[in-house]
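Single-letter residue listing:
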Amino acid sequence: MLKLPGLIDPHVHLREPGAIHKEDWDTGTCAALAGGVTMVLAMPNTQPPIFDEETLDIALGAAHQQARCDYAQYLGAGPDNADIVPALAHKAAGLKMYLDSTFGELRLDDMTLWKPHFEKYPMEYPIVVHAESRSMAAAILFSAMYDRPVHIAHISLKEEVLLIKAAKERGIKVTCEVCPHHLFLTSPLHKGEGPGVRAESPSPTPPLFSEKMGEDVRRTGGGRSEVRPRLATQKDVDALWENLNVIDCFATDHAPHTIEEKDSANPPPGFPGLETLLPLLLTAVAGRRLNLDDIIQKSVINPRRIFNLSEQPETWIEVDENAKFEIKAQNQFTRCGWTPFEGWKVKGKVRKVVLRGKTAFEDGKILVEKGYGQNVRA
Ligand code: DOR
Ligand code: ZN
């Protein structure tokens with residue numbers, strides 16, 4: 001049995017308040033524990049979005065009642081809350097700025113709206129940006145101009161990882177994360193829309209996996225492959241793997257939408273990911289694409305440093321490195337009822353999770369009550 005520190009996922013969507021038919025603080029944090037994740041940082045694009053004291057307290061109230069693992073909640077940057085969010089920074093995971101369109105209403109189109117947030121949000125708390133392709137270049141320019149750390153969410157393209165590499169080499173305070181779906185899946189569709197074109201790549205991602213790879217996403221195409229940033233090409237996926245040393249964190253962007261919503265005429269973008277993160281990474285370790293130290297660095301040490309998080313005492317996970325199993329949505333705790341990795345054969349199963357001295361998960365069962373999770377910014 002392999003013993004690792006509890007993982008930190010700096011990017012999850014738990015849907016409460018507002019869309020608890022997809023997920024809530026209970027089901028989402030059960031999924032986290034089952035995946036070996038003992039701390040989650042929750043995104044603000046809920047309904048209502050989390051953008052002031054009142055909405056922050058709504059989210060934190062729900063989390064206080066229901067969370068089973070430790071957590072913090074992000075604030076969302078809006079067009080007119082730059083003056084009020086700095087005073088809430090100590091209570092929040094960080095400030096999330098949506099610079100490209102995605103699920104939910106939070107979005108800052110105009111660069112004049114970015115400026116007051118960069119000027120006023122306290123330096124010691126992180127700013128995280130959803131910024132793809134050329135918006136990412138603009139976000140990095142802001143980081144340089146204001147000489148402040150900026151963390152770039154879910155990078156997916158070769159041009160992006162190379163840009164971040166160049167920015168880091170010049171001393172710009174930029175960090176970034178990558179999601180398993182951008183490391184293990186390619187676009188199933190001919191799309192080629194807009195800048196940062198994602199052309200077709202027919203081949204399944206790394207030869208590490210068999211023909212089963214991505215079958216669910218490929219078979220269903222359409223709604224089940226919708227995610228922002230979009231799945232990219234094999235060339236992009238290869239560039240991410242080749243430049244893993246540039247990438248600071250693994251993050252799931254766990255974004256549950258129900259299977260009915262995903263298969264509907266108007267599918268929302270997003271994949272669940274908390275329960276598949278570690279098995280996928282450990283399978284990559286078995287395939288020698290990664291080593292265990294990469295997992296510890298990018299899922300524990302770096303997130304702690306970047307997001308200014310304390311160590312969780314008496315917290316660890318036990319993993320059976322050699323246990324092979326097939327990923328099945330029916331075995332997951334997430335409420336959304338599907339996974340883009342359905343049917344994948346992976347190696348590495350979470351057996352036990354100990355959180356602050358208490359066994360929180362063991363052999364498929366959650367053993368801590370709702371409300372056991374603590375707000376790490378409290
Ligand atoms: O695919 C995505 N889904 N990307 C995002 O940025 C948001 C997320 C969601 O909230 O569903
Ligand atoms: Zn997200």
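The structure displayed is predicted, hence computed values, not measured ones. (Residues numbered from 1 in each chain as written. Chains lettered and ligands numbered in written order. Predicted model: local features only at pLDDT ≥ 70, side-chain atom pairs only at ≥ 80, totals over all residues. Heavy atoms only, no water.)

A. Quick look at the state of the cysteines. Within this structure, the stated rule accounts for 0 disulfides. C30 takes part in no disulfide bond, and the closest cysteine sulfur to it belongs to C69, at a distance of 8.9 Å. When its relative accessible area of 7% is taken as the criterion, C30 is described as buried. Its relative accessible area of 0% is what places C69 among the buried residues. (Disulfide = S-S within 2.5 Å. Buried < 20%, exposed > 50% of the residue type's maximum accessible area, 1.4 Å probe, protein only.)

B. Representation of the coordination of the zinc ion (ligand 2) within the structure. For the zinc ion (ligand 2), every protein donor is listed as H11 (NE2), H13 (NE2) and D253 (OD), and the spread of their distances is 2.0 to 2.1 Å. Look at where the donors of the zinc ion (ligand 2) fall in the sequence and you get H-x1-H-x239-D. With a gap of 240 residues between them, H13 in the loop between strand 2 (7–12) and helix 1 (25–34) and D253 in the loop between strand 10 (249–250) and helix 9 (259–262) connect regions that are remote in the sequence. In terms of burial, H13 and D253 fall into one category: buried. (Donors = N, O, S within 2.8 Å, 3.2 Å for Na, K, Ca; no water. Helix = DSSP H or I, 4+ residues; strand = E, 2+ residues; numbered from the N terminus.)

C. Representation of the site of ligand 1. As a matter of local geometry, ligand 1 sits amid 13 residues, with R15, N45, T102, R228 and H257 nearest to it. Measuring from an oxygen atom of ligand 1, one finds a side-chain N or O atom of H130 at 3.2 Å. Within the complex, 100% of the 290 Å² of free accessible area of ligand 1 lies under protein. In this structure the site holding ligand 1 corresponds to the largest cavity. Along the lines of polarity and charge, the residues of the shell around ligand 1 split into 4 nonpolar, 6 polar and 3 charged. (Near = heavy atom within 4 Å. Polar contact = N/O pair within 3.5 Å; in protein donor to acceptor, adjacent residues only side chain to side chain. Areas by Shrake-Rupley, 256 points an atom, 1.4 Å probe, with all protein chains shown as cover. 1 Å grid on protein atoms, 1.4 Å probe; cavity = no way out; pocket = protein on both sides within 12 Å on 5 of 7 lines; lining within 4 Å. Sits in = over half its atoms within 2 Å of the grid points. Nonpolar A, V, L, I, M, F, W, Y, C, P; charged D, E, K, R; others polar.)

D. Spotlight on the nonpolar core. If you look at the biggest cluster of nonpolar residues, it comprises 95 residues, and the most contacted ones within it are M97, I152 and I155. Considering each element in turn, this core owes the most residues, 7 residues, to helix 10 (residues 277–286). With sequence-adjacent residues up to four places away left out, I152 is seen in contact with V129, A131, M136, I140, I164, V174, T175, C176 and E177. One finds L41, A72, Y98 and C249 within the second-largest nonpolar core, a separate group that totals 15 residues. (Core = buried A, V, L, I, M, F, W, Y, C linked by side-chain atoms within 4.5 Å. Contact = heavy atoms within 4.5 Å.)

E. Summary view of empty space enclosed by the protein. One pass over the full model with this rule turns up 4 cavities of 30 Å³ or more. Computed from the structure, the largest cavity encloses a volume of approximately 130 Å³. (Points joined across faces, edges and corners; volume = space filled by probe spheres on them.)

F. The arrangement of the environment of G35 in detail. Take G35: it is sitting in the loop between helix 1 and strand 3 (37–42). For G35, a relative accessible area of 0% corresponds to the buried category. Linking G35 and F333, residues 298 residues apart in sequence, is a C-alpha distance of 9.7 Å. Ignoring any residue separated from it by four or fewer positions in sequence, one finds G35 in contact with L7, L274, E275, L278 and V350.

G. Highlighting the pattern of salt bridges. One pass over the structure, following the stated rule, counts 16 salt bridges. With a closest N to O distance of 2.7 Å, R68 and D26 form a salt bridge. Residue R68 is found in the loop between helix 2 (53–66) and strand 4 (70–73), and its partner D26 is found in helix 1; the two are separated by 42 residues along the sequence. Neither R68 nor D26 differs from the other in exposure class; each is buried. Put simply, E53 and K91 hold a salt bridge, and the shortest N to O gap is 3.6 Å. You can see E53 sitting in helix 2 and its partner K91 sitting in the loop between strand 5 (75–76) and strand 6 (95–98), a full 38 residues away along the chain. Given a relative accessible area of 44%, E53 falls into the partly exposed group. A cluster of three or more residues bridged by salt bridges with shared partners is formed by E53, D57 and K91. (Salt bridge = Lys/Arg side-chain N within 4 Å of Asp/Glu carboxyl O.)

H. The packing of aromatic side chains, seen in detail. Scanning all chains against the criterion turns up 8 aromatic pairs. Between F118 and F142, the ring centres sit 5.1 Å apart and the planes meet at 50°, which makes this aromatic pair tilted. Of this pair, F118 sits in helix 3 (residues 111–120) while F142 sits in helix 4 (residues 133–146), placing them 24 residues apart in sequence. With a centroid separation of 4.7 Å and 80° between ring planes, the pair formed by F341 and W344 is classed as edge-to-face. W344 matches F341 in its accessibility class, with the two residues each being buried. Aromatic rings pair up to connect W114, F118, F142 and Y146 into one cluster. For the cation-ring pair, K3 lies above W316, with the distance from its terminal atom to the ring centre recorded as 4.3 Å. Between R356 and the ring centre of Y372, over which it is positioned, the NZ or CZ distance is 4.5 Å. (Phe/Tyr/Trp six-rings, centres within 6.5 Å; stacked < 30°, edge-to-face > 60°. Lys NZ or Arg CZ within 6 Å of the ring centre and 35° of its normal.)

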